[in-house]
Amino acid sequence: MNSFFTGKSQRKWTWASPDGVTKNEIDYIITNRKPTVKNVTVLNKFTTGSDHWMVRARVTLNTRFQRSKLVKKRERIDVQRLYEQSEEFATQMSAELVDIDNQYETLDELNNKIVESIKGYMEIKCKSIHLNESKLSKETLDLIASRVELIKNGKRDSVEYRNLTKTINKAMRSDLRKYNVQLAQNTIQANCNMKVLRSKLMNVKKEIFKLRDKTGTIQSDRNTILDIAKEYYEDFFSSKRPNPNSTTEEDRPVVRK
């Protein structure tokens, strides 16, 4: 990415020969996401004890998008629906896999076709559908929509707007109370404990289901994610800021005049 950005010549080269005559740009920043890199420059006043200068890149990332990929749950299969459609599943699989032994030569190709057919049916017919349940009733949502129309019409300071706001606040409190009571009843009927109920009532952040390790590989195993987080904070709190004035004479590059 160094060659995509302009700058002064003294902020481009990254290495100097021992005699100080030859200067080359031999240290680079490489990425497959060019739009995320906004600038690349060389820190020629930063002492590292090496004959190479430090290269700095300014990167802009969409953290919300990156986090959504890590906390998003995998799509689940509705097992109950699969049981209910077992006959249809068996019929369709038999039709797709008829004479399959004569179409594929290797065992891997045969296995890939079977797995692809099974996954394709389950994704189309048995994908679990989760609908976000609203805590507010339809009447309350209609009142909120009416208040939005008043704001658009410039009636925010009107008496009608203030009265409507009071009505909405009362309706929201009533709906939330009814939702919590119904949730508690459903939890009791499902033989769940109070810990499950509290987790549903509390507005907490979503659990992280994936995390990148030091090599950049996405890990989804729960124990591995905990180990990555533990190692990160251990390194973070045990790290020390280097002292640029602590460089010894032996660490300095030899420059001949």
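Every chain is numbered on its own, with residues counted from 1 as its sequence reads. Only residues with pLDDT of at least 70 get local features here, since the model is predicted, and only at 80 or more are side-chain atom pairs given and counted; chain-wide, interface and lining totals rely on the full set of residues. Hydrogens and waters are ignored; side-chain quantities use all the structure's heavy atoms.

### Brief notes about the overall build of the chain
Turning to step 1, where the next piece is worked out: Helix and strand counts for the chain come out as eight helices and six strands.
Turning to step 2, where the next piece is worked out: Helix and strand labels come from DSSP, where a helix needs a run of H or I of at least four residues and a strand needs a run of E of at least two; each type is numbered from the N terminus. Ordered by position from N to C terminus, the α and β elements of the chain give β-β-β-β-α-α-α-α-α-α-α-β-β-α.
Turning to step 3, where the next piece is worked out: Only protein chains enter the accessibility calculation, which uses a 1.4 Å probe. A residue is then buried if its area is under 20% of the maximum for its type, exposed if over 50%, and partly exposed in between. Counting the 257 residues in the chain, one finds 16% classified as buried.
Turning to step 4, where the next piece is worked out: Across the chain, the fraction of contacts at a sequence separation of at least 24, relative to all contacts at a separation of at least 6, is 53%.
Turning to step 5, where the next piece is worked out: Accessibility throughout is a Shrake-Rupley quantity obtained with a 1.4 Å probe, and a residue counts as covered only by protein chains that appear here. Summed over all atoms, the accessible surface of the chain reaches about 21200 Å², with 52% contributed by carbon and sulfur. We call two residues in contact whenever any of their non-hydrogen atoms come within 4.5 Å of each other.

### Describing the packing of aromatic side chains
Turning to step 1, where the next piece is worked out: The aromatic pairing rule takes the rings of Phe, Tyr and Trp, using the six-membered ring of Trp, and pairs them if the centres are within 6.5 Å, calling planes under 30 degrees apart stacked, those over 60 edge-to-face and the rest tilted. A full pass over the atoms with the stated rule returns one aromatic pair.
Turning to step 2, where the next piece is worked out: Their ring planes at 65° and their centres at 5.9 Å tell us that W13 and W53 sit as a pair that is edge-to-face. Taken together, the positions of W13 in the segment before strand 1 (15-16) and W53 in the loop between strand 3 (37-43) and strand 4 (54-59) put the pair 40 residues apart, joining distant regions of the chain.

### Considering the packing of helix 3 (residues 86-96) against helix 4 (residues 107-125)
Turning to step 1, where the next piece is worked out: Helix axes are fitted only over the stretch in contact, all axes being lines through C-alpha atoms; the angle between N-to-C directions runs from 0 to 180 degrees. Axis separation between helix 3 and helix 4 bottoms out at 11 Å; the angle between their running directions is 140°. Taken together, the axis directions place helix 3 and helix 4 in an arrangement best described as oblique. Crossing of helix 3 against helix 4: the hand is right-handed. Across from E88, F89, Q92, M93 and E96 in helix 3, the residues of helix 4 making contact are S117, I118, Y121 and K125.
Turning to step 2, where the next piece is worked out: Residue polarity is assigned by list, with Asp, Glu, Lys and Arg as charged and Ala, Val, Leu, Ile, Met, Phe, Trp, Tyr, Cys and Pro as nonpolar; anything else, Gly included, falls into the polar class. Residues belonging to the contact of helix 3 with helix 4 are distributed by class as follows: four nonpolar, two polar and three charged. Under this scheme an angle from 65 to 115 degrees is roughly perpendicular, one under 35 degrees roughly parallel, and one over 145 degrees roughly antiparallel; angles in between are oblique. The handedness criterion is simple: a crossing whose near helix is rotated anticlockwise from the far helix by less than a right angle is left-handed, and one whose near helix is rotated clockwise is right-handed.

### Details of a positive patch on the surface
Turning to step 1, where the next piece is worked out: A cluster of basic residues, R162, K166, K170, R173 and R177, forms a positive patch at the surface.
Turning to step 2, where the next piece is worked out: One can find R162 in helix 6 (residues 159-189).
Turning to step 3, where the next piece is worked out: Take R162: its relative accessible area is 44%, and that puts it in the partly exposed class. Distance thresholds for patches are 9 Å for like charges and 5 Å for nonpolar side chains (Val, Leu, Ile, Met, Phe, Trp, Tyr), applied to residues having over 30% relative accessible area and no salt bridge. Salt bridge, as applied in this entry: a Lys or Arg side-chain nitrogen positioned within 4 Å of an Asp or Glu carboxyl oxygen. For the purpose of counting charges, residues Lys and Arg are taken to be positive, whereas Asp and Glu are taken to be negative. His and the chain ends are not included. By convention, the charge on Lys lies at NZ, on Arg at CZ, on Asp at CG and on Glu at CD.

### Focus on the pattern of salt bridges
Turning to step 1, where the next piece is worked out: According to the stated counting rule, one finds three salt bridges in the structure shown.
Turning to step 2, where the next piece is worked out: K214 is the salt-bridge partner of E231, the closest N and O atoms lying 3.0 Å from each other. Residue E231 is found in helix 8 (residues 222-238), and its partner K214 is found in the loop between strand 5 (211-212) and strand 6 (218-219); the two are separated by 17 residues along the sequence.
Turning to step 3, where the next piece is worked out: Given a relative accessible area of 36%, E231 falls into the partly exposed group.
Turning to step 4, where the next piece is worked out: D235 is the salt-bridge partner of K214, the closest N and O atoms lying 3.3 Å from each other. A residue pair is termed long-range when its members are at least 10 positions apart, and K214 in the loop between strand 5 and strand 6 and D235 in helix 8 qualify at 21 residues.
Turning to step 5, where the next piece is worked out: Relative accessible area serves as the criterion here: at 68%, K214 is assigned to the exposed category.

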